[in-house]
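# Geometric and topological summary
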Amino acid sequence: AYFLGLFTADGHLSETGNMSIVSKNRSFLNDIANSIDSKVNFRKNEHGPGETRYKATFRSDDAEHIVRFSGYTGGYKADKLFFPEWIPETLVLDFIRGYLDGDGCIYANQDNLLRMSFTSICKDFLIELRNKLCQKLGVRGTLVKHKREADNHHNCYLLKYAHFETRLIAEKVFPGDTPSLKRERWYNLQNQVKTDVEKRVWLKHEEDFLKNNYKDMSNEKIASFFSKSQSAVRRKAGELNLTDNTQ
């Protein structure tokens, strides 16, 4: 499921069945080839000033079967993506983690608040992805059209998530030592934003989340969503006259 998500974002299937994925991380591409039991050939590309990317080409009958079974028949696929409905519910987040590694981003904005986004020129695919995340995690996100400076031919769409939604998604898609390009960045971002967010005033959507979830969630869990301390959560709950049934 992870490989299919990554392929959906950054992969290409040739008419002869060869698959290729592009990344700046060569060792990661090698790990992906090993995970599908395939030999790999690398081609180095200078993507821009000081930026090197690697195109990994590999062949796996099993992986090709999964890719074709999911509807990809070769050639340009970015405008005809869809969320594979056959993926078991237990593996949906693995697929999403793969797509996040390929065409997703996790970062802190100018206010040092966490943000996550998924990109595609296929609006229907992002709608399906948003629906899946909403069903599994209760996060809604915002879908907007965005013009890419580097692409004059296509508009793309961004599915964006705010601070506490980003925390919830990241906690679920980055478990243990599962394959991921962005897990280390996620861990680093948590440490980066903690101090500033602790001092920042509570935003309305954060207060709404607290009101709706305080009775059913622990202070520790809620605090982790906002990178705040548990004492800060208790203070705000007291200001809002909330009753906590979990402590």
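So, on to the side chain of Arg183. Within the secondary structure layout, Arg183 lies in helix H7 (residues 183-199). Owing to a relative accessible area of 11%, Arg183 belongs among the buried residues under this scheme. If near-sequence neighbours (up to four positions away) are discounted, Arg183 is found in contact with Phe174, Pro175, Gly176, Asp177 and Thr178.

Right, let's get into the packing of aromatic side chains. Overall, the coordinates contain 9 aromatic pairs when judged by the stated rule. An angle of 45° between the planes, with centres 4.8 Å apart, marks the rings of Tyr99 and Phe125 as tilted. Residue Tyr99 is found in helix H4 (residues 92-103), and its partner Phe125 is found in helix H5 (residues 123-137); the two are separated by 26 residues along the sequence. For Tyr99, a relative accessible area of 0% translates into the label buried. According to the relative accessible area criterion, Phe125 is buried, its value standing at 0%. One aromatic cluster is present, built from ring pairs that chain together Phe83, Phe95, Tyr99 and Phe125.

Attention now goes to the nonpolar core. Among the nonpolar cores identified, the biggest contains 65 residues, and Phe3, Phe118, Phe125 and Leu133 are the most heavily contacted of them. When near neighbours in sequence (up to four residues on either side) are disregarded, Leu133 contacts Leu93, Ile96, Phe118, Gly138, Val139, Tyr161 and Ile169.

Glancing now at a nonpolar patch on the surface. Residues Ile66, Phe69 and Trp86 make up a contiguous nonpolar surface patch of about 320 Å² in total accessible area. Residue placement: Phe69 occurs in helix H3 (residues 61-69). Judged by relative accessible area, which is 55%, Phe69 ranks as exposed.

Another point: the pairing of strand S6 (residues 114-120). Among the 7 residues in S6, 5 count as buried, and that is most of the element. Here 5 bridges tie strand S5 (residues 104-108) to S6, and the two strands are oriented antiparallel to one another. The partner of Ile106 across the bridge, within S6, is Met116.

As a packed pair, helix H1 (residues 2-10) and H4 sit with axes 6 Å apart at the nearest point and diverge in direction by 35°. Crossing angle aside, the handedness with which H1 passes H4 is right-handed. Taking contact as the criterion, the partners of Tyr2, Leu4, Gly5, Leu6, Thr8, Ala9 and Asp10 in H1 are, on H4, Asp94, Phe95, Arg97, Gly98, Tyr99, Asp101, Gly102 and Asp103. Here the contact of H1 with H4 is composed, by residue class, of 6 nonpolar, 4 polar and 5 charged.

Cut-off values and rules
Residues numbered from 1 in each chain as written. Predicted model: local features only at pLDDT ≥ 70, side-chain atom pairs only at ≥ 80, totals over all residues. Heavy atoms only, no water. Helix = DSSP H or I, 4+ residues; strand = E, 2+ residues; numbered from the N terminus. Buried < 20%, exposed > 50% of the residue type's maximum accessible area, 1.4 Å probe, protein only. Contact = heavy atoms within 4.5 Å. Phe/Tyr/Trp six-rings, centres within 6.5 Å; stacked < 30°, edge-to-face > 60°. Core = buried A, V, L, I, M, F, W, Y, C linked by side-chain atoms within 4.5 Å. Patch = residues over 30% accessible without salt bridge, like charges linked within 9 Å, V, L, I, M, F, W, Y side chains within 5 Å. Areas by Shrake-Rupley, 256 points an atom, 1.4 Å probe, with all protein chains shown as cover. Salt bridge = Lys/Arg side-chain N within 4 Å of Asp/Glu carboxyl O. Pairing = 2+ DSSP bridges. Axes fitted to C-alpha atoms, helices over the stretch in contact; angles between N-to-C directions. Left-handed = near helix turned anticlockwise from the far one by under 90°. Nonpolar A, V, L, I, M, F, W, Y, C, P; charged D, E, K, R; others polar.

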